[in-house]
Amino acid sequence: MATPVWHPQEEGVKEICGLLQEFRQPSVDQSRIWQQLQRCSQFPDFNNYLTFILCRAEGHSVEVRQAAGLLLKNNLKANYQAIAPAYQHYIKAELLPCLGSSDRHIRATVGTVISVVVQQVHVQGWPEIFQAIAQCLDSNDYNHMEGALDALSKICEDMPVELDSDVPGLSDRPINVFLPRLLQVLRDRIHSLLWELQFFSSQHATLRKLSLGTVNQFIVSLPTALFINMDNYLQGLFSLADDPAPEVRKLVCAALVELLEVQPNFLQPHMRNVIEYMLQANQDGDEEVALESCEFWSAFCEARCTPELLREFLPRLITVLLTNMAYADDDEALVDADDDENGPDRDQDLKPRFHQSRVHGADGGNEEDEEDDDIINSWNLRKCSAAGLDILSTVFGDELLPVLMPLVQANLSQPTDAAWKAREAAVLALGAVAEGCINGLLPHLTQIVAFLVPLLEDKRPLVRSITCWTLSRYSKWIVQAVGHPDGHAQFDKVLTGLLRRILDSNKRVQEAACSAFATLEEEAAEELAPRLELILQHLMFAFGKYQRRNLRILYDAIGTLADAVGSELNEVKYLEILMPPLINKWQQLPDSDKDLFPLLECFTSIAQALGSGFSLYAEPVFVRCINLIRTQEVAKADPGRAGVAYDKEFIVCSLDLLSGLAEGLGSSIESLVSRSDLRDLLLQCCADDAADVRQSALALLGDLAKACAVHLQPHLPDFLNLAAKQLGSEVKDNVSVANNACWAIGEVAVKVRQEISPVVMNVITCLVPILTSTEGLNKSLLENSAITLGRLGWVCPDLVAPHMDHFMLAWCHALRSIRDDVEKEDAFRGLCAMVRLNPGGAVSAFVPMCEAIGSWHEIRSADLRSEIAQVLHGYKQLLSGPTWDQCMAALDPPMREKLVKKYQI
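All residue numbers refer to position in the chain's written sequence, counted from 1. Restriction of local features to residues with pLDDT of at least 70 applies here, the model being predicted, together with a cutoff of 80 or more for giving and counting side-chain atom pairs; totals for whole chains, interfaces and linings are based on all residues. Hydrogen atoms and water are omitted, and side-chain values are computed over all heavy atoms in the structure.

1. Re the overall build of the chain
Moving on, step 1. Numbered from the N terminus, helices here are DSSP runs of H or I no shorter than four residues, and strands are runs of E no shorter than two. In terms of regular secondary structure, the chain is built from 50 helices and 2 strands.
Moving on, step 2. For the chain, the C-alpha atoms occupy an extent of roughly 90 × 80 × 70 Å along the three principal directions.
Moving on, step 3. Here the term buried applies to any residue with accessible area under 20% of the maximum for its type, exposed to any over 50%, and partly exposed to those in between, with areas from a 1.4 Å probe on protein chains only. Residues counted as buried form 55% of the 905 residues belonging to the chain.
Moving on, step 4. Considering only contacts within the chain whose residues lie at least 6 apart along the sequence, 74% involve residues at least 24 apart.
Moving on, step 5. Note on areas: Shrake-Rupley with a 1.4 Å probe; residue coverage comes only from the protein chains shown. Carbon and sulfur atoms make up 50% of the accessible area of the chain, which amounts to about 39,600 Å² in all.
Moving on, step 6. When the 77 positive and 122 negative side-chain charges of the chain are each reduced to one mean point, those points stand 1 Å apart. Here, two residues are considered to be in contact whenever any of their heavy atoms come within 4.5 Å of each other. Just so you know, the count uses Lys and Arg for positive and Asp and Glu for negative, and it drops His and the chain ends. Lys charges are placed at NZ, Arg charges at CZ, Asp charges at CG and Glu charges at CD.

2. Re the UniProt feature "domain: Importin N-terminal" (unreviewed entry) in the chain
Moving on, step 1. UniProt positions are given in the numbering used here, feature names are shortened, and annotations may be inferred rather than shown by experiment. Feature annotation in UniProt assigns "domain: Importin N-terminal" (unreviewed entry) to the following positions: residues 33-101.
Moving on, step 2. With 70% helix and 0% strand, residues 33-101 has its two end C-alpha atoms placed 29 Å apart.

3. Describing helix H16 (residues 271-281)
Moving on, step 1. Along H16, the positions that sit buried rather than exposed are Met271, Val274, Ile275, Tyr277, Met278, Leu279 and Ala281.
Moving on, step 2. The elements touched by buried residues of H16 are helix H13 (230-239), helix H14 (246-262), helix H15 (264-267), helix H17 (287-302), helix H18 (308-311) and helix H19 (314-324).

4. Overview of the packing of helix H32 (residues 572-588) against helix H34 (residues 615-637)
Moving on, step 1. Direction vectors running N to C along H32 and H34 enclose 25 degrees, while the axes themselves pass 12 Å from each other. Between H32 and H34, the angle is such that the two are roughly parallel. Taken as a pair, H32 and H34 cross one another with a handedness that is left-handed. Of H34, the residues touching H32 (which contributes Leu575, Met579, Ile583, Trp586 and Gln587) are Tyr617, Pro620, Val621 and Arg624. Structural elements are reduced to axes, namely lines fitted to C-alpha atoms, with helices fitted over the stretch in contact, and the angle between N-to-C directions of any two is expressed from 0 to 180 degrees. The labels follow the angle: roughly parallel below 35 degrees, roughly antiparallel above 145, roughly perpendicular from 65 to 115, and oblique for the rest. Handedness of a crossing is defined here by the sense of rotation of the near helix relative to the far one, left-handed for an anticlockwise turn of less than a right angle and right-handed for a clockwise turn.

5. Some thoughts on the packing of aromatic side chains
Moving on, step 1. Working definition: a ring pair exists when centres of Phe, Tyr or Trp rings (six-membered ring for Trp) sit within 6.5 Å. Plane angles under 30 degrees give stacked, over 60 give edge-to-face, the rest tilted. Across all of its chains, the model carries 16 aromatic pairs by this definition.
Moving on, step 2. When the centroid spacing of 5.6 Å and the interplanar angle of 50 degrees are considered together, the rings of phenylalanine 614 and tyrosine 617 count as tilted. Taken as a pair, phenylalanine 614 and tyrosine 617 share a single burial class, namely buried.
Moving on, step 3. An aromatic cluster is present here, built from Trp586, Phe603, Phe614 and Tyr617 joined pairwise through their rings.
Moving on, step 4. Geometry around tryptophan 586 places arginine 624 over its ring, the cationic atom sitting 5.0 Å from the centre.
Moving on, step 5. Only when the NZ of Lys or the CZ of Arg is both within 6 Å of the ring centre and within 35 degrees of the ring normal is a charge said to sit over the ring. The ring of tryptophan 794 has arginine 829 lying over it, and the distance from NZ or CZ to the ring centre is 5.7 Å.

6. What to know about the side chain of aspartate 458
Moving on, step 1. Here aspartate 458 shows up in the loop between helix H25 (445-455) and helix H26 (461-473).
Moving on, step 2. Take aspartate 458: its relative accessible area is 11%, and that puts it in the buried class.
Moving on, step 3. Under this definition, polar contacts are N or O atom pairs within 3.5 Å; protein pairs additionally need one hydrogen-donor-capable and one acceptor-capable atom, and for neighbouring residues in sequence, both atoms have to be side-chain atoms. Here the side chain of aspartate 458 touches arginine 423 through a polar contact of 3.1 Å, side chain to side chain.
Moving on, step 4. Here the side chain of aspartate 458 touches arginine 460 through a polar contact of 2.8 Å, landing on its backbone nitrogen.
Moving on, step 5. Setting aside anything within four residues of it in sequence, one finds aspartate 458 in contact with Arg423, Val463 and Arg464.

7. Description of the pattern of salt bridges
Moving on, step 1. For this document, the term salt bridge refers to a Lys or Arg side-chain nitrogen within 4 Å of an Asp or Glu carboxyl oxygen. Inspection of every chain in the model, using the stated rule, returns 40 salt bridges.
Moving on, step 2. As a salt-bridge pair, arginine 316 and glutamate 276 come within 2.6 Å of each other at their nearest N and O atoms. Of this pair, arginine 316 sits in helix H19 while glutamate 276 sits in helix H16, placing them 40 residues apart in sequence.
Moving on, step 3. Put simply, arginine 311 and glutamate 308 hold a salt bridge, and the shortest N to O gap is 2.5 Å. Residue arginine 311 and its partner glutamate 308 are located together in helix H18, separated by 3 residues, close to a single helical turn.

8. Digging into the confidence of the model for the chain
Moving on, step 1. Confidence scores here are pLDDT values: one per residue, from the predictor, ranging 0 to 100. When pLDDT is averaged across the chain, the result is 89; 92% of the residues are at 70 or more.
Moving on, step 2. Looking at the elements of the chain, mean pLDDT is at its lowest for strand E2 (residues 193-197), recorded as 32, and at its highest for H19, recorded as 97.
Moving on, step 3. Per-residue pLDDT stays below 50 along residues 185-197; that stretch engages in 23 contacts with residues further than four places along the chain or on separate chains.
Moving on, step 4. Residue range residues 365-376 is modelled with pLDDT below 50. Its contacts to residues more than four positions away, or to other chains, number 23 contacts.

9. Quick notes on the environment of serine 171
Moving on, step 1. With respect to the secondary-structure elements, serine 171 resides in the loop between helix H9 (160-163) and helix H10 (174-182).
Moving on, step 2. On a C-alpha basis, the gap between serine 171 and arginine 791 in space is 63 Å, while along the polypeptide they are 620 residues apart.

10. Things to note about a negative patch on the surface
Moving on, step 1. Patch criteria: residues need more than 30% relative accessible area and no salt bridge. Like-charged residues are merged within 9 Å; nonpolar side chains of Val, Leu, Ile, Met, Phe, Trp and Tyr are merged within 5 Å. Together, Glu522, Glu523, Asp556 and Asp563 make up a negatively charged patch on the protein surface.
Moving on, step 2. Listing elements by their share of the negative patch, those giving two or more residues are helix H29 (507-524) and helix H31 (548-565).
Moving on, step 3. Relative to the helices and strands, glutamate 523 is located in helix H29.

11. Observations regarding helix H6 (residues 104-121)
Moving on, step 1. Here, expected helix span is obtained from the residue count minus one, scaled by 1.5 Å. In this model H6 runs 26 Å from its N-terminal to its C-terminal C-alpha over 18 residues, within 8% of the 26 Å that 1.5 Å per residue would give.
Moving on, step 2. Among the residues of H6, those classed as buried are Ile106, Arg107, Thr109, Val110, Gly111, Val113, Ile114, Ser115, Val116, Val117, Val118 and Val121.
Moving on, step 3. A distance of 2.8 Å separates the backbone nitrogen of histidine 105 from a side-chain oxygen at the start of H6, and that oxygen is part of aspartate 103.
Moving on, step 4. Taken from the residues just after H6, histidine 122 is the one with a positive phi, measuring 65 degrees.

12. Structural notes on the environment of valine 62
Moving on, step 1. Summarising the element assignment, valine 62 is placed in helix H4 (residues 62-79).
Moving on, step 2. Accessibility expressed as a relative area gives 21% for valine 62, which makes it partly exposed.
Moving on, step 3. Here the alpha-carbon distance between valine 62 and glutamate 128, two residues 66 residues apart in the chain, equals 27 Å.
Moving on, step 4. With sequence-adjacent residues up to four places away left out, valine 62 is seen in contact with Asp103, His105 and Ile106.

13. As for empty space enclosed by the protein
Moving on, step 1. Using only the protein atoms, space was sampled on a 1 Å grid; points where a 1.4 Å probe fits but cannot get out form cavities, open sets with protein on both sides within 12 Å along at least five of seven lines form pockets, and lining residues are those with an atom within 4 Å of a point. Grid points are joined across faces, edges and corners, and a volume is the space filled by probe spheres set on the points. Applying the stated criterion across every chain, the model contains 2 cavities of 30 Å³ or more.
Moving on, step 2. The volume enclosed by the largest cavity comes to roughly 40 Å³.
Moving on, step 3. Around the largest cavity sit Val673, Leu678, Arg679, Leu682, Leu704, Cys708, His711 and Leu712, which together line it.
Moving on, step 4. Contributions of two or more residues to the lining of the largest cavity are made by helix H38 (678-686) and helix H39 (691-708).
Moving on, step 5. By residue number, the principal contributor to the lining of the largest cavity is H38, which donates 3 residues.
Moving on, step 6. Residues that form the lining of the largest cavity fall into these classes: 6 nonpolar, 1 polar and 1 charged. Note on residue classes: Ala, Val, Leu, Ile, Met, Phe, Trp, Tyr, Cys and Pro are nonpolar, Asp, Glu, Lys and Arg are charged, and everything else, Gly too, is polar.

14. So, the nonpolar core
Moving on, step 1. Formed by 323 residues in total, the largest nonpolar core has its most connected members in Trp297, Leu582, Ile606, Phe614, Ile756 and Met849.
Moving on, step 2. If one sorts the elements of this core by residue count, helix H41 (residues 735-752) sits on top with 11 residues.
Moving on, step 3. Those residues within four positions of isoleucine 756 in sequence are excluded, and the remaining contacts are Leu720, Ile745, Val748, Ala749, Leu792, Val795 and Cys796. Throughout this description, the term nonpolar core refers to a set of buried Ala, Val, Leu, Ile, Met, Phe, Trp, Tyr and Cys residues connected via side-chain atoms within 4.5 Å.

15. Observations regarding the side chain of histidine 538
Moving on, step 1. For histidine 538, the position within the fold is in helix H30 (residues 532-545).
Moving on, step 2. Assessed through its relative accessible area of 18%, histidine 538 is described here as buried.
Moving on, step 3. Contacts of histidine 538, omitting those with residues within four sequence positions, involve Leu499, Arg500 and Leu503.

16. Notes on unusual backbone geometry
Moving on, step 1. With an omega of 5 degrees, the peptide bond between glutamine 713 and proline 714 qualifies as cis.
Moving on, step 2. Positionally, proline 714 belongs in the loop between H39 and helix H40 (716-725).
Moving on, step 3. Phi angles above zero are rare outside glycine, and histidine 122 is one such case at about 65 degrees.
Moving on, step 4. Relative to the assigned elements, histidine 122 resides in the loop between H6 and helix H7 (128-137).

Spelled out as structure tokens, the structure:
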């Protein structure tokens, strides 16, 4: 029996249209209207009504029909599979004719809904859509062509790979159905097929834009249909290079940039012309075109194209980039340039912040921060030009300077206030090339600094702020020059200049100065110690005047200072300046205030730096961290009972501060731990669903093991099993969690010794695949795995030694790259202990073992040196004669001489 055709009830159409119309009124209670629409959505044919209104309700306004379409789109995205098949069929059948609607807004909305349906059913679930699109493209009717291209571009954006796949029920791949409509078939005199972009030559800019944008979606996947016609596609691009429509020129530039990134070989024969075009486009009157073309220079360098291709263009290119680095008149930064410190921070000024969970172990603290930027808010031509100059300097180095420096000097020599943008761009350029051109700039560092320091006092805030950033880019070399004549004076000028700007009345300058000073602190380290009182006075004065946004950056500068100077900070005169304002702020902020996050991070650095000197402040800090974790654990299960919304970052920051306390106070933290429920809370956190909570919890587990392992009982087996679980098959997905788990197990092992034996084989089973992995796992994880395996071998050699032949080769390779420290000593104690029990287990890896031993610069432990010597002499006796000589010959001569000299073998 045939399914009856669905027809809407007029009252239903009227009611829904009325609600949609009312919903658009700014003064109406939209939540009430939305609830009524949700009630309507309970009817199984509600989406049919929305489809009818979108496609057929011509007596209603376009805005209402569009609203119906957008609501339909959301419903289909969320619940398409739950819709009855007959209703699905109705929706699809109604949408197809509307591809050619006379109203472009309706066409666009229909195209969006169609793309959502295709996402839900995939190509095989609606093959008719591509036949309909092809018919529209062949129709020569503008509305049909534009509607089809719009829908097609959206489908291609969502699922380009699927469109280049075989589909049951279709005689050809979808891309082969529609690409010939985009690429017009021509025949030459011998009837060979030549393809050209049909719509590229259209008189309608919209058709040119949609067709080009659609084909561009396939540059990365490069289907065969595009690959075999690449020359003609490029000719189509070149024919549109000077298109009157800026949106088309922008797509041409985007295509050339993407081709350069993923398929540079296709551009190689045309590169000179492409570079010439991009240079012209970089000066386009439309900033979006200029911005898109400017991406080309970074892409050129990152694609490792032959520098010679670009060399002849450098003088013109550098001039264009420097010109474009000046602030445009409509740059949003100019609006906020005079942001006075007395003006309140707006909510949009408070950018989201992301705490990085603590990473422990070998090289765990050396993760690179993201590259600093010149106080960026949004990407634009100025910033893209600076980034382009930066990466060009890494490729061409000092070659840029003969062209760049005269332009920079000319801009800097314009003292008038009207020329401030040119001065600012010159300072930005000096910062951009700081690293790439440093060899050529270093002899002139004194003059550069002498140029820059006075600009810290410039009338224009944006000049002051960019000068802070540029000075920070030279921090490393400014600090290195301290040992040279006048180096101290130069360093002091930069330091005091930045400190003055930290107290600037302009919030943007305050931000730049704080960030720049934090960079200088990282480089200067012990050079800051004699100047600590002056630095702290400035930072804490700023603490009293900064608003929330810049206070977050100031916390970072204070924390970086603590990291840089360490125990030098542990003097009464310094603590009297530093701690009272911080403690006062700590007491003011409620437990639900996210401004606690940067303060917790700051305290973490201070606690580590002060060590036992932090004991005066430790108890209230410790207790509050425990309370924060406990509250959040309750909030996770029942926010109403906790009185706050769950936010895992409170837990992560609190765990990290407790780690800092454990590291700083050492065994002195024992009395605090014994009087708290930290052990139980920590066990919960080690089992948390969130990876960053587990990461920080495992770091604290290791720090507590070092400080007071006894207080991990009676849950020690549970802690160890949870840590071992992090080393399983999903290690690649959560490398930092695995890294901390591995490190923590090793720290527990050296403290509890034989008590760890129940989990040893489970852990070894996980560590060996990590060490032997060919997938390029994180270096820190490999090194921590090697150390922990050695520590387990040291405390439980009878369990680990019988399995040496399974891991010796990979283990010794990992041991070679570990820096000299106590953890490496532990690992080699494990090596010696295992070899004593099972010397045959290391014979096949004897040469790598010798290389691992030779990786030591100095073994401070006399006992360990003696043990290693015994191991080597034992193998000399075991292998004897020709076998020993062969092993020695397999070593590099310098390594062989080093071992012979140090261990008399």
